[in-house]
Amino acid sequence: MLDELRQILADVTRRPDLADAPADAPLFGTGIGLDSLAGTLLLREVAYRYGVDVAAEDINLDALASLATLAAFVQARSQAADPGRASR
């Protein structure tokens with residue numbers, strides 16, 4: 001999941017270097033430095049690929065603290081919606 005999210009992040013930002021981003025780097029601010037547009041594109045792609053609407057399910061957007069928190073959030077929600085998904 002984490003590697004997939006890294007690749008999504010690299011694709012939506014058009015920054016190939018983010019395919020190797022540290023899992024604990026903050027997505028916004030002094031870490032990876034996403035702006036609101038890049039964050040929106042990331043969330044749209046996550047919703048499309050995993051069926052998880054992070055913005056609707058995480059009102060405070062705490063899941064966007066880092067790639068690791070986003071991966072944990074998406075994995076938990078996608079497994080809850082489709083328990084067989086973890087084994088795929």
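Scroll up a little and you will see the structure.
Residues numbered from 1 in each chain as written. Predicted model: local features only at pLDDT ≥ 70, side-chain atom pairs only at ≥ 80, totals over all residues. Heavy atoms only, no water.

### Focus on the side chain of Glu-45
For clarity, the threshold we go by: Here a helix means four or more residues in a row that DSSP labels H or I, a strand means two or more in a row labelled E, and each is numbered from the N terminus. Contacts are assigned to residue pairs that have any heavy atoms within 4.5 Å of one another.
Along the chain, Glu-45 falls in helix H2 (residues 36-50). Here Glu-45 is in contact with Ile-8 and Val-12, once residues within four sequence places are set aside.

### Points about the environment of Ala-63
To keep things clear, this is the line we draw: The buried label applies to any residue whose accessible area, calculated with a 1.4 Å probe on protein chains only, is under 20% of its type's maximum; exposed applies above 50%, and partly exposed to all values in between.
The topology assignment puts Ala-63 in the loop between helix H3 (54-57) and helix H4 (67-81). A relative accessible area of 4% means that Ala-63 is categorised as buried. Along the backbone, Ala-63 and Phe-73 are 10 residues apart, and their C-alpha atoms lie at a distance of 6.1 Å. For Ala-63, the contacting residues outside a window of four places in its chain are Val-54, Asp-58, Thr-69, Leu-70 and Phe-73.

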